[in-house]
Amino acid sequence: MNENCIFCKIINGDIPCAMIYQDEETFAFLDINPINDGHTLIIPKHHHENIFSTPSDIFAKMAITAQKIAKRQKEILGADGINIGMNNEPDAGQVVFHAHIHVMPRFKNDGYDLWKGKTYKEGEIEKIQNKLKF
Ligand code: 5GP
Ligand code: ZN
């Protein structure tokens with residue numbers, strides 16, 4: 001429990017939320033400002049800031065819960081598609097610093113676009129590949 005964390009307060013029951021699923025390690029509740037009805041946040045029950053500090057086994061459990069919620073949104077809400085997202089660090093849009101995965105139901109013609117891709121210049125993709133590959 002991190003005293004200054006809004007999501008820790010939610011798990012603790014100090015702030016109300018619309019919870020839809022929980023298990024030993026994870027907790028899922030409706031985002032208060034949804035992109036579409038049913039937009040859900042999956043969080044670990046213990047406080048970890050983001051993907052970098054979340055233990056792998058806990059992240060794996062968050063992913064399993066995210067899949068469960070995605071299937072539920074499709075089945076119950078009739079979602080035509082699902083976006084999964086996670087913002088890590090302020091420059092990537094993270095506002096709440098308790099790790100969370102967004103599971104967002106999408107509907108035909110709901111008006112949202114994905115971000116636009118750019119193109120690599122000649123030879124650049126190989127340079128980046130060489131930097132990144134394990
Ligand atoms: P991010 O940190 O990935 O940018 O997003 C944080 C998300 O948490 C936002 O989509 C925001 O609407 C949601 N959020 C922030 N505060 C609360 C809250 O008190 N309750 C709920 N249910 N969602 C919240
Ligand atoms: Zn927290």
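Since the structure is predicted, the reported quantities are computational estimates derived from the model, not experimental observations. Counting starts from 1 at the beginning of each chain's written sequence and moves along it residue by residue. For this description, chains carry letters from A and ligands carry numbers from 1, given in the order in which they are written. Local features are withheld for residues below a pLDDT of 70 in this predicted model, meaning they are given only at 70 or higher, and side-chain atom pairs are given and counted only at 80 or more; totals for whole chains, interfaces and linings count all residues. Just so you know, side-chain values use all the structure's heavy atoms and leave hydrogens and water out.

This part covers the coordination of the zinc ion (ligand 2). The zinc ion (ligand 2) binds to the protein through Cys5 (SG), Cys8 (SG), His47 (ND1) and His98 (ND1); the donor distances cover 2.0 to 2.3 Å. Metal-coordinating donors are taken as N, O and S atoms lying within 2.8 Å of the metal, or within 3.2 Å when the metal is Na, K or Ca; because water is left out, some sites can appear incomplete. Between 85 and 135 degrees for all angles marks four donors as tetrahedral; over 155 degrees for opposite donors together with 65 to 115 for all other angles marks four donors as square planar and six as octahedral; every other arrangement is irregular. One can describe the donor arrangement at the zinc ion (ligand 2) as tetrahedral, given that its four donor atoms subtend angles of 107 to 116° at the metal. Within one chain, the residues donating to the zinc ion (ligand 2) are spaced in sequence as C-x2-C-x38-H-x50-H. With Cys5 in the segment before helix H1 (6-12) and His98 in the loop between strand E4 (81-85) and strand E5 (101-106), this residue pair connects regions lying 93 residues apart in the sequence. Residue burial is assigned from relative accessible area. The probe radius is 1.4 Å, only protein chains are included, and a residue is buried under 20% of its type maximum, exposed over 50%, and partly exposed in between. Residue class for His98 comes out buried when judged on its relative accessible area of 0%. Secondary structure elements are taken from DSSP: a helix is a run of H or I of four residues or more, a strand is a run of E of two residues or more, and numbering for both begins at the N terminus.

The side chains of a regular strand alternate, residue by residue, between the two faces of the sheet. Along strand E2 (residues 26-30), four of the five residues are buried, which leaves the element largely enclosed by surrounding structure. We treat two strands as partners when DSSP finds at least two bridges between them. Between strand E1 (residues 19-22) and E2, which pair antiparallel in sequence order, lie three residues. Note: E2 against strand E3 (residues 40-44), five bridges, orientation antiparallel. Looking at E3, one finds that Phe29 is bridged to Leu41.

Quick look at the pattern of salt bridges now. The working definition used for a salt bridge is a side-chain nitrogen of Lys or Arg within 4 Å of a carboxyl oxygen of Asp or Glu. Counted by the stated rule, this structure contains three salt bridges. When the shortest N-O distance is used, the salt bridge between Arg106 and Asp110 registers 2.8 Å.

Let's shift gears to the site of ligand 1. We call a residue near a molecule or strand as soon as one heavy atom of that residue lies within 4 Å of the molecule or strand. Every one of the 16 residues lining ligand 1 counts as a neighbour, but Asp31, Gly93, Val95, His100 and His102 are closest to it. Any N or O atom pair separated by 3.5 Å or less is treated as a polar contact, with the protein-specific requirement of one donor-capable and one acceptor-capable atom, and with residues adjacent in sequence counted only for side-chain atom pairs. Gly93 is positioned with one of its backbone polar atoms (N or O) 2.7 Å from an oxygen atom of ligand 1. In the model, an oxygen atom of ligand 1 is placed 2.7 Å from a nitrogen or oxygen of the Val95 main chain. Within the complex, the protein chains bury 83% of what would otherwise be the 530 Å² of accessible surface of ligand 1. Residue assignment for the shell around ligand 1 shows that the elements contributing at least two residues are H1 and E2. Classes in brief: Ala, Val, Leu, Ile, Met, Phe, Trp, Tyr, Cys and Pro nonpolar; Asp, Glu, Lys and Arg charged; the others, Gly included, polar. Split into classes, the residues belonging to the shell around ligand 1 amount to nine nonpolar, six polar and one charged. For the area figures, the Shrake-Rupley method with a 1.4 Å probe applies, and any residue is considered shielded solely by the protein chains shown.

In this section: the sheet that holds E1. Ordered by their spatial adjacency, five strands build an open sheet running E1-E2-E3-E5-E4, and the pairing between neighbours is antiparallel. Across the chains shown, the open sheet's two edge strands, defined by having one partner strand only, are E1 and E4. In this sheet, neighbouring strand axes are inclined to one another by 20° on average, regardless of whether the strands run parallel or antiparallel. Both E3 and E5 contribute to a ladder of three bridges, which runs antiparallel. Across the sheet, residue Leu41 finds its bridge partner in E5, namely His102. Structural elements are reduced to axes, namely lines fitted to C-alpha atoms, with helices fitted over the stretch in contact, and the angle between N-to-C directions of any two is expressed from 0 to 180 degrees.

Nothing here speaks to function; it is all geometry.
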